Amino acid sequence: MSGQERWRRWLVLALLWGVAILFLIPLLWMLSSSLKPTYQIFETPPRWIPNPPRWENYSEALTTLPFALYIRNTAVITLLTIVGHLLSCTLIAYAFARLRAPGRDALFVVMLATMMLPYPVTMTPLYVIFNRLGWINTILPLTAPAFFGSAFYIFLMRQFFMTIPRDFEDAARIDGANTLQIIGRIMAPMAMPALATVTIFTFQATWNDFLAPLIYLQRPELYTVTLGLQFFRSTYTTNWAYLMAASLVTTLPVIVVFFAAQRYFIEGITLTGVKG
Amino acid sequence: MHTAASTPRPRRRWLPVRRETLTFYLLISPWLIGLLSFTLIPIVASLGFSFTRWDMLSPPEPIGLRNYARMLDDRLFWQSLSVTVHYTLMYVPSELIGGLLLALLMNQVSTRGIRIFRTIYYMPSVLSGVAFVVVWMWLFHPEAGLINATLAMVGIRGPRWLVDPNTALTALWIMSLWGLGRTAVIYLAGLRGIPRELYEAAAIDGAGTWQSFLRVTLPMLTPTIFFNLVLSVIATFQTFTSAFVATNGGPLDSTLFFVLYLYRKAFQEFQMGYASALAWVLFVIILALTLVIVRSGRWWVYYEGEDR
Amino acid sequence: MLKRLSFILLISILAMLIAGCATTEGGIVQTVVVTATPTARPEGAKIVLRVGTGDSGEGLTPHFRIIEMFEAENPDIQVQLEPVGSGDYYARILTQIAAGDPPDLLQIGDDAVPMFVDRGAFLPLDGFIASADYPLDTSIYLPGVMEPGKWNGAQYLLPKDFSPMAIYYNKKLFDAAGAPYPQEGWTWDDLLATAQQLTVTDANGNVTQWGIQLPGPWTTGFEYWVAAAGGRLISEDGSTFIGYMDSPEVQTAVQFYADLYNKYKVAPPPADMNAFGGGNSEFDNGTAAMRLFGRWPQAGMKQNPNIDLGVAPLPAGAERAGVLFWGGFGISALSDNPEAAWRFLRYYTGKEGAEVWKDWALPTVASVAESSGLSTDPVEGVWLNELNHLAPRAYVFTPYWGQTADPALRRVLESVILDPNANVAELLATAAQEAQAALDDLR
């Protein structure tokens with residue numbers, strides 16, 4: 001390793017750590033606040049180490065509301081949504097990326113367009129539809145649409161498929177593979193980083209979704225984590241420390257899943273794809 | 001995008017529908033069904049509402065184009081549009097470039113290093129919207145906030161951030177930079193998708209780091225950049241949560257984002273008809289912008305798997 | 001490209017056609033307002049009542065306790081509480097009402113009552129109140145607490161809880177400065193003098209202790225200053241802002257409020273314009289001697305070691321006036337079981353409910369306040385006494401307050417707090433004109 005290269009490596013690491021520390025500050029501040037009594041949260045000057053740390057905030061926050069139940073509810077919804085997205089978006093994205101058909105490009109623009117209408121406006125008509133279907137107070141309005149694809153993830157997968165050379169499919173097609181086999185055996189494994197991205201983003205978005213559960217889940221036993229967190233804020237007062245404690249605890253699953261999904265980000269194409 | 005137009009299609013009159021076309025429509029049929037039932041009906045309904053005066057409590061009353069005409073004189077409509085455009089011009093470039101830089105930096109280190117950094121960078125994006133915004137409100141607190149306390153230590157009197165109409169939008173912008181990890185993750189997936197052989201070939205051609213970045217990385221990354229650009233524009237035009245929680249549009253409407261104004265009209269001032277009209281104006285603006293971006297993509301997006 | 005555009009155009013035209021037809025036939029109403037079909041109830045099955053509330057967290061405990069008590073006494077009814085925390089509550093119930101599927105009982109804040117009631121969202125209660133089987137004696141309530149639930153003379157909602165406004169003070173800081181505690185009968189001049197006496201500045205000119213923490217650009221709270229200055233914001237018939245919002249009395253109120261911030265510098269500048277009550281933490285930190293606000297954070301203040309808490313009545317301006325904040329329940333006009341809903345409502349908001357509420361907020365029933373010793377309590381008695389000085393709210397004169405004058409007034413308050421050189425008369429004149437234009441457009 002040349003001197004210049006070593007110097008460059010150090011610079012890269014220093015930059016990465018510098019940014020990392022900046023990124024960690026809000027999280028650490030959240031942790032610090034979650035251990036303070038309410039009246040200490042806005043102390044001037046701000047204090048990093050709570051004195052004394054109020055660990056009870058955690059046990060109290062998590063026992064005043066049935067968070068275990070909320071986590072279970074959210075997990076079910078999240079899991080179904082992920083499965084739905086992975087199945088539907090892979091197929092649809094493949095079609096948009098590879099197959100030629102009249103109307104395809106127009107439909108692609110329509111798909112992009114569907115991402116553009118702000119949710120507060122379509123919310124009311126959607127509620128009417130789900131109400132007619134008898135889906136209110138079930139998890140169906142939150143999970144069923146996932147199986148019909150989602151524009152954001154279709155777009156993401158399509159972009160990824162477009163970068164994969166055609167040679168692999170052509171070879172498989174000559175060997176007699178049909179489209180589903182090509183998608184399942186060639187494209188999907190090569191698109192692992194994209195699939196991992198879809199999984200992570202879906203996990204995060206569903207886990208943190210607020211407006212949709214708010215509208216469709218009205219019975220407290222169906223509530224999700226975000227609806228639960230909202231209970232620490234009322235019109236007149238907010239129990240900040242509880243909110244922070246519960247937010248941190250309920251975020252842990254997402255971080256764990258993210259860490260676990262890491263290998264797929266990296267392994268994808270470099271291992272299974274191009275071999276020569 | 002442009003494949004269909006560039007290759008002349010053979011005419012086969014005896015076969016009304018080609019097999020490939022059939023497969024295409026079969027594969028996308030779930031999306032088409034979803035589009036019709038969960039998207040098109042609400043969209044059409046909202047268009048319908050935009051021609052009415054509707055408070056959501058009593059039946060809507062048709063008023064033709066009056067909602068649209070009213071926007072022209074609505075000071076806050078123009079204010080919200082200006083805030084949104086302003087913010088988009090601030091945020092989109094910083095997200096595209098900042099996210100790319102982070103991803104490139106991460107791509108320099110070992111696999112284990114990537115894991116650690118990516119997790120750290122992504123964590124702020126993971127935290128539930130409201131709690132994260134609240135923490136930032138504390139950090140920005142003019143007296144008790146960490147930022148101004150740190151500035152005070154080096155003798156700088158920090159601005160009043162979210163309370164000052166001159167700095168509130170900047171504060172929201174700084175806050176949103178902590179979501180860069182998300183963009184970086186997409187870039188990193190794109191970077192990792194570039195076949196190694198291309199770099200090897202470039203190295204054989206004698207290309208240095210900078211040249212292989214320009215000749216391999218950047219072109220191969222254009223589909224990802226394109227994706228991030230489209231998404232970023234759509235997302236910034238729909239900015240809501242941070243402003244809703246942190247400022248609710250104030251002070252003095254300096255952070256009144258378009259969707260925030262729309263939400264206020266719909267659910268706080270009970271004017272769903274006007275809100276729907278606002279939504280359609282936003283829809284048309286974003287659609288036009290996206291079409292421009294998609295069209296421009298012809299000139300700068302490179303697809304490896306494209307039929308040539 | 002051309003093909004793509006024409007496809008979009010086609011879709012848009014189709015959409016407009018469908019929408020157009022729907023509008024002309026009034027079809028949108030049919031598509032949107034799905035009337036809930038009464039579900040056939042098998043013999044002996046319970047009636048399920050849905051109750052929507054914007055309360056959350058620990059604030060839900062009294063709800064659950066009352067429901068438990070009620071269900072034990074009324075085995076034929078099951079009550080299902082549907083809570084939604086804070087600001088998104090109205091978004092949900094509006095969506096539910098639009099879809100024809102709201103809870104049977106809905107909680108509404110005082111400022112939203114005219115809006116919802118005027119649009120027919122609630123059933124009038126007078127028939128129920130006078131009914132033979134389940135009557136309600138309305139004389140049991142404390143003075144003024146029934147008023148916010150009325151519209152055009154009829155009762156639509158019953159009170160859940162309420163809070164007047166008053167002034168908290170920290171006895172520690174008063175004692176240290178040797179200042180006497182504020183007493184009933186004090187005036188704006190006394191308030192200013194006390195605040196100035198308690199404001200402490202260090203050698204560098206930095207304020208280390210503030211006289212009074214004010215609630216920022218909080219419009220509904222600001223009505224206290226207007227009423228105490230002897231002004232009003234809207235005409236009696238609910239048609240005019242001009243000549244009211246910009247009147248000399250309102251100017252006096254705004255000027256005095258702004259001066260407390262910028263001229264006398266006895267109030268800390270708001271730390272968060274959006275937060276309910278200004279987002280300041282000086283009083284909690286023990287660096288502000290007084291705080292003007294409602295009763296909501298009182299429980300937390302009592303536990304705060306920085307504060308030795310006292311509560312003082314509001315100071316008088318040209319007049320002795322106060323304002324009420326209020327939450328109440330009414331029966332949805334779309335309820336399938338209005339009779340059962342009434343049975344629960346009169347329990348929920350009546351004497352039985354008040355017995356539970358008294359541990360969480362001020363009870364609405366006079367005898368409950370009396371028997372629990374609240375009326376004579378040195379702190380709670382101050383709050384209850386404010387009920388004798390209530391001024392009518394501006395929003396009881398028009399259902400359009402929230403979309404006309406409220407944003408205009410807010411802009412004035414933000415301006416005068418942020419800009420020490422703001423011209424109050426000019427700002428109020430502009431605000432009155434803007435509010436008037438918006439109102440004329442809606443009426």
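Residues numbered from 1 in each chain as written. Chains lettered and ligands numbered in written order. Predicted model: local features only at pLDDT ≥ 70, side-chain atom pairs only at ≥ 80, totals over all residues.

**Remarks on the overall build of chain B**
Inference 1: Secondary structure summary: chain B contains 14 helices and two strands in total.
Inference 2: Seen through its C-alpha atoms, chain B measures out along the principal axes to roughly 65 × 60 × 30 Å.
Inference 3: By residue count, 49% of the 308 residues in chain B fall in the buried class.
Inference 4: For chain B, the proportion of contacts with a sequence separation of at least 24, taken over those separated by at least 6, is 67%. (Helix = DSSP H or I, 4+ residues; strand = E, 2+ residues; numbered from the N terminus. Buried ≥ 20, exposed ≤ 12 C-beta atoms within 10 Å, placed from the backbone. Contact = placed C-beta atoms within 7 Å.)

**Some words on unusual backbone geometry**
Inference 1: Despite not being glycine, A:Asn137 shows a phi value in the positive range, around 65 degrees.
Inference 2: One can find A:Asn137 in the loop between α5 (119-132) and α6 (140-143).
Inference 3: Of note in the backbone geometry, B:Phe270 takes a positive phi value of approximately 60 degrees without being a glycine.
Inference 4: Following the sequence through the fold, B:Phe270 ends up in the loop between α13 (258-268) and α14 (272-300).
Inference 5: A count of 24 C-beta atoms within 10 Å places B:Phe270 in the buried class.

**A look at the interface of chain A and chain B**
Inference 1: Contacts between the two partners involve 82 residues from chain A and, on the opposite side, 94 residues from chain B.
Inference 2: Here the side of chain A that touches chain B takes 14 residues from helix α13 (residues 240-273) of chain A, the largest share from any one element.
Inference 3: Residue composition of the side of chain A that touches chain B, grouped by class: 59 nonpolar, 18 polar and five charged. (Nonpolar A, V, L, I, M, F, W, Y, C, P; charged D, E, K, R; others polar.)

**Focus on the environment of C:Leu157**
Residues and elements named next belong to chain C.
Inference 1: Looking at the element boundaries, Leu-157 is found in strand β6 (residues 157-170).
Inference 2: For the pair formed by Leu-157 and Pro-102, sequence separation is 55 residues and the distance between their alpha carbons is 16 Å.
Inference 3: With residues near it in sequence (within four places) discarded, Leu-157 still touches Ile-108, Val-113, Phe-122, Gly-149, Gly-328, Phe-329 and Gly-330.

**Some points on the domain arrangement of chain C**
Residue and element names in this part refer to chain C.
Inference 1: Each assigned domain of chain C is listed here: domain 1 (2-38 + 45-162 + 325-388) and domain 2 (164-324 + 393-442).
Inference 2: Distance from the C-alpha centre of domain 1 to the C-alpha centre of domain 2: 30 Å.
Inference 3: With 17 residues of domain 1 at the interface, the matching set in domain 2 holds 17 residues.
Inference 4: Elements with a minimum of two residues in the side of domain 1 that touches domain 2: α5 (113-118), β11 (324-331) and α16 (380-386).
Inference 5: Here the side of domain 1 that touches domain 2 is composed, by residue class, of 11 nonpolar, two polar and four charged. (Domains from an automatic or database assignment.)

**Some points on the packing of helix α3 (residues 67-98) of chain A against helix α9 (residues 179-190) of chain A**
A pair of packed helices is characterised by two quantities: the angle between their axes and the separation of those axes.
Residues and elements named next belong to chain A.
Inference 1: Running from N to C, α3 and α9 point in directions that differ by 85 degrees, and their axes come no closer than 11 Å. Of the possible angle classes, the one that applies to α3 and α9 is roughly perpendicular. Contact with α3, carried on its side by Thr-90, Leu-91 and Tyr-94, involves Ile-183, Met-187 and Ala-188 of α9 and no other residues of that element.
Inference 2: The residue makeup of the contact of α3 with α9, split by class, is five nonpolar, one polar and no charged. (Axes fitted to C-alpha atoms, helices over the stretch in contact; angles between N-to-C directions. Parallel < 35°, antiparallel > 145°, perpendicular 65-115°, else oblique.)

**Comments concerning the interface of chain B and chain C**
Inference 1: The partner chain C presents 33 residues to the 34 residues of chain B that form the contact.
Inference 2: Within the residue set of the side of chain B that touches chain C, elements represented by two or more residues are α2 (19-49) and α13 of chain B.
Inference 3: Of all the elements, α2(B) adds the most residues to the side of chain B that touches chain C, at five residues.

**A short note on helix α9 (residues 219-228) of chain C**
Residue and element names in this part refer to chain C.
Inference 1: Burial analysis of α9 places 10 of its 10 residues in the buried class, the great majority of the element.
Inference 2: Among the residues of α9, Thr-219, Thr-220, Gly-221, Phe-222, Glu-223, Tyr-224, Trp-225, Val-226, Ala-227 and Ala-228 are the ones counted as buried.
Inference 3: Next to the buried residues of α9 lie β6, α10 (248-262) and α17 (405-418).
Inference 4: Positive backbone phi, at 85 degrees, marks Gly-230, one or two positions downstream of α9.

**What about α9(A)?**
Residue and element names in this part refer to chain A.
Inference 1: Relative to the 16 Å expected for 12 residues at 1.5 Å per residue, α9 spans 15 Å between its end C-alpha atoms, a close match to the ideal helical length.
Inference 2: Where α9 is concerned, the buried positions are Thr-179, Ile-183, Met-187 and Met-190. One face of α9 carries all of its buried residues, which in axial projection span an arc of 95 degrees. (Expected span 1.5 Å × (residues − 1). Arc of directions from axis to C-beta.)

**Here's the deal with the nonpolar core**
Inference 1: Of all hydrophobic cores here, the largest spans 300 residues; its most connected members are A:Ile92, A:Ile154, A:Met157, A:Phe161, C:Ile212, C:Met245 and C:Ala405.
Inference 2: Sort the elements by how many residues they give to this core and helix α11 (residues 209-237) of chain B lands first, with 12 residues. (Core = buried A, V, L, I, M, F, W, Y, C linked by C-beta atoms within 7 Å.)

**Remarks on the domain arrangement of chain B**
Residue and element names in this part refer to chain B.
Inference 1: Under the domain assignment used here, chain B contains domain 1 (13-67) and domain 2 (70-300).
Inference 2: Contributions of two or more residues to the side of domain 1 that touches domain 2 are made by α2, β1 (52-53) and α3 (66-73).
Inference 3: Considering every element that reaches the side of domain 1 that touches domain 2, the biggest residue donor is α2, with three residues.
Inference 4: Looking at the side of domain 1 that touches domain 2, its residues break down into five nonpolar, four polar and three charged.

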